[in-house]
Amino acid sequence: SAPQVHGAAGWQINEAALRAEEEFGFHYASDTRGQAPFRPWLGDRPSSCPQLPTTLPTLDELIGLDGVTADNVHTKLLELTRAQLPYQVFTLHAELEGMKLRPALTRLLEGWRTQGYQLVSLRTLFARLTTTRLPGARVENGTVPGRSGVLAVQGGTAQEAPAAAARS
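Residues numbered from 1 in each chain as written. Predicted model: local features only at pLDDT ≥ 70, side-chain atom pairs only at ≥ 80, totals over all residues. Heavy atoms only, no water.

J.: Mind showing me how you'd approach the packing of aromatic side chains here?
T.: Within a pair of aromatic rings, the relevant descriptors are the distance that separates the centres and the angle that separates the planes. A full pass over the atoms with the stated rule returns 3 aromatic pairs. Their ring planes at 75° and their centres at 5.3 Å tell us that Phe90 and Trp112 sit as a pair that is edge-to-face. In this pair, Phe90 sits in the loop between helix H3 (73–80) and helix H4 (96–100) while Trp112 sits in helix H5 (residues 102–114), placing the two residues 22 residues apart along the sequence. Of the residues examined, Trp112 reaches a relative accessible area of 7% and is grouped as buried. Arg33 extends its terminal NZ or CZ atom over the ring of Trp11, reaching a point 4.4 Å from the ring centre. (Phe/Tyr/Trp six-rings, centres within 6.5 Å; stacked < 30°, edge-to-face > 60°. Helix = DSSP H or I, 4+ residues; strand = E, 2+ residues; numbered from the N terminus. Buried < 20%, exposed > 50% of the residue type's maximum accessible area, 1.4 Å probe, protein only. Lys NZ or Arg CZ within 6 Å of the ring centre and 35° of its normal.)

J.: Can you help me understand the pairing of strand S3 (residues 39–42) in this one?
T.: Walk down a regular strand and you will see the side chains alternate between the two sheet faces. In the sheet, S3 pairs with strand S5 (residues 136–144) via 2 bridges, with the strands oriented parallel. Across the sheet, the residue bridging to Arg39 is Gly136, located in S5. The pairing of S3 with strand S4 (residues 45–46) spans 2 bridges and is classified as antiparallel. Looking at the pairing, Trp41 lines up with Pro46 of S4. In textbook terms, the turn of a hairpin is the stretch between consecutive antiparallel strands, and for S3 and S4 this stretch comprises 2 residues, one of which, Gly43, has a positive phi near 65°. (Pairing = 2+ DSSP bridges.)

J.: Where do I start with the packing of H3 against H5 in this structure?
T.: In a pair of packed helices, the angle between the axes and the distance between the axes together describe the arrangement. Where H3 contacts H5, the two axes come as close as 9 Å, and the packing angle between them is 30°. Comparing the axis directions of H3 and H5 gives the class roughly parallel. Crossing of H3 against H5: the hand is right-handed. Between H3 and H5, the residues in contact are Val73, His74, Leu77 and Leu78 and Ala104, Arg107, Leu108, Gly111 and Trp112, respectively. Taken together, the residues of the contact of H3 with H5 break down into 6 nonpolar, 2 polar and 1 charged. (Axes fitted to C-alpha atoms, helices over the stretch in contact; angles between N-to-C directions. Parallel < 35°, antiparallel > 145°, perpendicular 65-115°, else oblique. Left-handed = near helix turned anticlockwise from the far one by under 90°. Contact = heavy atoms within 4.5 Å. Nonpolar A, V, L, I, M, F, W, Y, C, P; charged D, E, K, R; others polar.)

J.: What exactly am I supposed to notice about the nonpolar core here?
T.: Burial of nonpolar side chains together is a common tendency in soluble globular proteins. In terms of nonpolar packing, the biggest core is built from 14 residues, with Leu59, Val73, Leu77, Phe90, Leu108 and Trp112 touching the most fellow members. Mapped by element, the contributors of at least two residues to this core are helix H2 (59–62), H3 and H5. Element by element, the count of residues in this core is highest for H5, at 4 residues. Excluding residues within four positions of it along the chain, Trp112 makes contact with Leu56, Leu77, Leu78, Thr81, Phe90, Tyr117 and Leu119. Grouped together as the second largest cluster of nonpolar side chains are 6 residues, Tyr28, Val89, Leu125 and Phe126 included. (Core = buried A, V, L, I, M, F, W, Y, C linked by side-chain atoms within 4.5 Å.)

Laid out in structure tokens, this is it:
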């Protein structure tokens, strides 16, 4: 069957690819870093393909900052999720969290269950959303602490078209 979702490697996405996601009829995508689900602006309108952005840092982004090591990285991430928020997305890399950092991932998953989180797939999270009520937001180039380079981040949320699109 045809693909229904997309996730850009390394959070590398541009407006042409966001348009293609909509044209291909993807149900949702997770190409960005951000705070909450949104519909990316395509010119002067929000896309029908919502973004479920990664909201939490990856383990490798935390290791080496402020005394965080592979042995205690789970503690740092659990501090960030102590306050119960309705939405969190964690991205893991099979070669790191699934292999090299597997003990830390195991402790992290146990910690999230203890904090009361229900661990679900993006598909389950998407099914709980009313996508037509999601705010529109720009996808911008930005940076994330602990990760080198520029990646796609959720920009300012707006109910109207972004100013640049409004001037066209």
